[in-house]
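Summary of structural features
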Amino acid sequence: MANTFPNDFLWGGAIAANQVEGAYNEDGKGLSTSDCTPNGLFGDIVDRNNVEINSIKDRAIDFYHRYPEDVALFAEMGFTCLRTSIAWTRIFPNGDEEQPNEKGLAFYDKLFDEMLKHNITPLVTLSHYEMPYYLVTQYGGWGNRKVIEFFTRYAKTVFERYKDKVKYWLTFNEINMSLHEPFTGVGLARNSSKAEIYQAIHHQLVASGRAVKLCHQIIPDAKIGNMLLGAIAYPLSPKPEDVWATHLENHGWLFFGDVQARGYYPTYMNRYFKENNIELTISDQDREDLKETIDFISFSYYMSCCGTADDSLRQKGNILDMVPNPHLKASEWGWQIDPIGIRYLLNLLYERFQKPLFIVENGLGAKDKLEADGTINDDYRINYMNDHLVQIREAINDGVEVMGYTSWGPIDLISASKAEVTKRYGFIYVDLNQDGSGTLQRYKKKSFYWYQSVISSKGANL
Ligand code: BGP
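Bear in mind that the values here come from a model prediction, so they are computed numbers and not experimental data. Residue positions are given per chain, counting from 1 as you read along its sequence in written order. Side-chain atom pairs in this predicted model are given and counted only at pLDDT of 80 or more, local residue features only at pLDDT of at least 70, and totals for whole chains, interfaces and linings cover all residues. Excluded from the side-chain calculation are hydrogens and water; included are all heavy atoms of the structure.

**Brief notes about the overall build of the chain**
In this description a helix means any DSSP run of H or I spanning at least four residues, a strand means any run of E spanning at least two, and both kinds are numbered starting from the N terminus. On a plain count of helices and strands, the chain comes out with 14 helices and 14 strands. Computed over C-alpha atoms, the radius of gyration of the chain comes to 21 Å, within 12% of the 23 Å expected from 2.2 N^0.38 for 462 residues, which places it in the range of a compact globule. Overall size of the chain, expressed as C-alpha extent along the three principal axes, is 60 × 55 × 45 Å. Taking all 462 residues of the chain together, the buried fraction comes to 59%. The contact definition used throughout considers only heavy atoms, calling two residues in contact when any of these lie within 4.5 Å. Put simply, 76% of the contacts in the chain that link residues at least 6 apart link residues at least 24 apart. To be clear on the numbers: accessible area is Shrake-Rupley with a 1.4 Å probe, and residue cover counts the displayed protein chains and nothing else. Roughly 17,900 Å² of accessible area belongs to the chain as shown, and the carbon and sulfur atoms make up 48% of that amount. C-alpha atoms define the radius of gyration, and 2.2 Å times the number of residues to the power 0.38 defines the globule rule. Each residue is assigned to one of three classes by its accessible area relative to the maximum for its type, calculated with a 1.4 Å probe on protein chains only: buried under 20%, partly exposed between the two thresholds, exposed over 50%.

**Structural notes on the packing of aromatic side chains**
Two aromatic rings, drawn from Phe, Tyr or Trp (for Trp, its six-membered ring), form a pair once their centres lie within 6.5 Å of each other, and the interplanar angle then sorts them: stacked below 30 degrees, edge-to-face above 60, tilted otherwise. Taken as a whole and assessed by the stated rule, the structure comprises 37 aromatic pairs. For the ring pair W88 and W142, a centre distance of 6.4 Å and an interplane angle of 55° mean the geometry is tilted. Here W88 is found in helix α3 (residues 88-91), whereas its partner W142 is found in the loop between α5 (133-139) and α6 (146-162), with 54 residues between them in sequence. For the pair W88 and W142, one class covers both residues: buried. Ring centres 6.2 Å apart and planes at 70° place the aromatic pair Y429 and Y443 in the edge-to-face group.

**A closer look at the pairing of strand β5 (residues 223-229)**
Counting buried residues along β5, six of its seven residues qualify, which places the element largely inside the surrounding structure. A pair of strands is considered paired only if DSSP assigns at least 2 bridges between the two. As judged from the three bridges shared by strand β4 (residues 168-172) and β5, these two strands associate in the parallel manner. From the neighbouring strand, Y168 faces β5, where its bridge partner is K223. When β5 meets strand β7 (residues 296-300), the two strands line up parallel, connected through five bridges. Considered in β7, the bridge of N226 is made with I297.

**Details of the nonpolar core**
Ranked by size, the top nonpolar core spans 138 residues in total, and within it W142, F159 and W169 carry the most contacts. When residues of this core are assigned to their parent elements, the largest contribution, 12 residues, is made by helix α8 (residues 194-218). Setting aside residues no more than four positions away along its own chain, W142 makes contact with W88, M131, V147, I148, F151, F172, G185, V186, A200, H203, Q204 and A207. Judged by nonpolar contacts, the second largest core, of nine residues, contains C81, M227, F296 and F358. Take the buried Ala, Val, Leu, Ile, Met, Phe, Trp, Tyr and Cys residues and link them wherever side-chain atoms come within 4.5 Å; each set so joined is a nonpolar core.

**Things to note about the site of the ligand**
The criterion for a residue being near a molecule or strand is simple. One of its heavy atoms has to lie within 4 Å of it. Within the structure, the ligand sits among 16 residues, and E174, A416, S417, K423 and Y425 are positioned closest to it. Polar contact criterion, stated in full: a pair of N or O atoms within 3.5 Å, where within protein one must be able to donate a hydrogen and the other to accept it, and residues adjacent in sequence count only if both atoms are side-chain atoms. N173 places a polar side-chain atom, nitrogen or oxygen, 2.9 Å from an oxygen atom of the ligand. Within the side chain of K423, a nitrogen or oxygen atom sits 2.7 Å from an oxygen atom of the ligand. Nonpolar residues are Ala, Val, Leu, Ile, Met, Phe, Trp, Tyr, Cys and Pro. Charged residues are Asp, Glu, Lys and Arg, and all others, Gly as well, are polar. Here the residues of the shell around the ligand sort into seven nonpolar, six polar and three charged.

**A word on α8**
By this rule the span expected of a helix is its residue count minus one, scaled by 1.5 Å. Over its 25 residues, α8 runs 36 Å from end to end, which matches the ideal 36 Å to within 8%, given 1.5 Å per residue. With 18 of 25 residues buried, α8 is to be regarded as a mostly interior element.

**Some details on helix α2 (residues 63-77)**
The terminal C-alpha atoms of α2, which comprises 15 residues, lie only 18 Å apart, well short of the 21 Å expected from a rise of 1.5 Å per residue. To get the bend at a given residue, fit one axis to the seven residues ending there, fit another to the seven starting there, and take the angle between those axes. The largest bend in α2 amounts to roughly 40° and is located at E69. Residues of α2 that are buried: F63, Y64, Y67, D70, V71, L73, F74 and M77. Within two residues after α2, G78 carries a phi angle of roughly 100°, on the positive side.

**Thoughts on the side chain of N173**
The residue N173 is located in the loop between β4 and α7 (182-186) in this model. The class of N173 is buried, set by a relative accessible area of 4%. Reaching out from N173, the side chain makes a polar contact with the side chain of R83 at a distance of 2.8 Å. Of the polar contacts made by the side chain of N173, one reaches the side chain of H128; its length is 3.2 Å.

**Notes on the sheet that holds strand β3 (residues 121-127)**
Taken in spatial order, the eight strands line up as β1-β2-β3-β4-β5-β7-β11-β12 and close into a barrel, and their pairing is parallel. With strand direction ignored, the average angle separating the axes of adjacent strands in the sheet is 25°. Direction of pairing for β3 relative to β4: parallel, over a ladder of four bridges. Looking at the pairing, S127 lines up with F172 of β4. Helix axes use the C-alpha atoms of the stretch in contact, all axes being lines fitted to C-alpha atoms, and the angles between their N-to-C directions lie in the range 0 to 180 degrees. Seen against the sheet, helix α9 (residues 240-262) touches β4, β5 and β7 and runs at an angle of roughly 165° to β5.

**Notes on the environment of D96**
Examined against the element boundaries, D96 turns out to sit in the loop between α3 and α4 (102-117). Given the relative accessible area of 21%, D96 is considered partly exposed. Remark: the alpha-carbon pair of D96 and Y449, spanning 353 residues in sequence, is separated by 45 Å. Within the structure, D96 has its side chain in polar contact with the side chain of Y139 (distance 2.7 Å).

**Quick notes on unusual backbone geometry**
Positive phi, normally seen in glycine, also occurs at A60, with a value near 45°. Note that A60 resides in the loop between α1 (17-20) and α2. Residue class for A60 comes out buried when judged on its relative accessible area of 1%. The phi torsion at E174 lies on the positive side, around 40°, for a residue other than glycine. Of note, E174 is situated in the loop between β4 and α7. What makes E174 buried here is its relative accessible area of 5%.

Laid out in structure tokens, this is it:
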């Protein structure tokens, strides 16, 4: 069995505009849903048109101004790929304008040029946990069909603008999360009914299909994927009731991949919709749009969980309510660590879809200590990532087609769930405290050198 990864394997890291850029109101940017959730996607929703607040995300790690330094550090580690997202509100500040904001477009031109200068391939998410807040207040978010048109205009604009620079695209980050957090996912109130949420999700799936079609038309040599929160569940016990409950639990997220990879709704949803009084409005044109299937499947993987018929065992994870596995240890944030889970997930997805897979998020959020001599000894992170990469290599040897691996947060950033700075994921430490103080100076952690050697050895030294 090969102990190196394929020569064309893309190695790198993944960030998202709203978690790194800052500059939340610069150069014409509009307010996004992320700007209105200063304490993370589970915190309060603040109407910033009327209420003045400070949010740690307003400056974040100031990537908007410091990206040349950060991209150079990624290049020093040997990255061949960087996943980032475009903030929709930099391009269309309110979301419903006819013409884009040139200053916003110019920023991403500069960013992509900087990556390409260092031979780093951009992998760009169109929508990562943010949308124009105006579309929420004026149109009712994705619950309104008009938002499909606005998103399509945005997607077309960025495909046309960056067609020579960006050849790898993703539509919606962790598209299955809307079932758990509808405000961030689809711009709906948190107390929305299941029927409202599924209708909004339907609109988003249609928009995803339209984006795929446009991408193929405008950039024929590009590849565009979806993005799933890979929340694989194992049966808590061999009790048939638990096994069946687990099967249904996995449908909860596989459904999105089924639609996006096959081009139509899977029949298992019919019963679910009926039993939950959900009657979706689906037009003939919608069905046509859904037929535009993705080229590859991408997903995030941090942990696995368990399925059981006993709902009282659920505990709060980051985004999902999960049932813990008694055989696994957890991170400081209670996320259970399961490297074999990623091999299992890769095999499962490949057997189900027979499409190439891209791991676009994986990593360990932990508290790091900056020593007096400027070092950070994050062996725990090295161990976590090493063990996961070993299992990815196993999956490749199992015959799974894996395009690449972008670890989550190669540089410390603001966490999504609670806007914490102390939950660090990076190979690069950023001097920033939760109260917003700090020099923002960057320091290389021990894991920086470890990842650099993993990439240069193509994984042979794992
Ligand atoms: C995923 C999101 C990312 C990222 C990551 C870690 O769900 O796509 O944006 O933040 O989780 O989560 P957190 O930041 O809450 O630790």
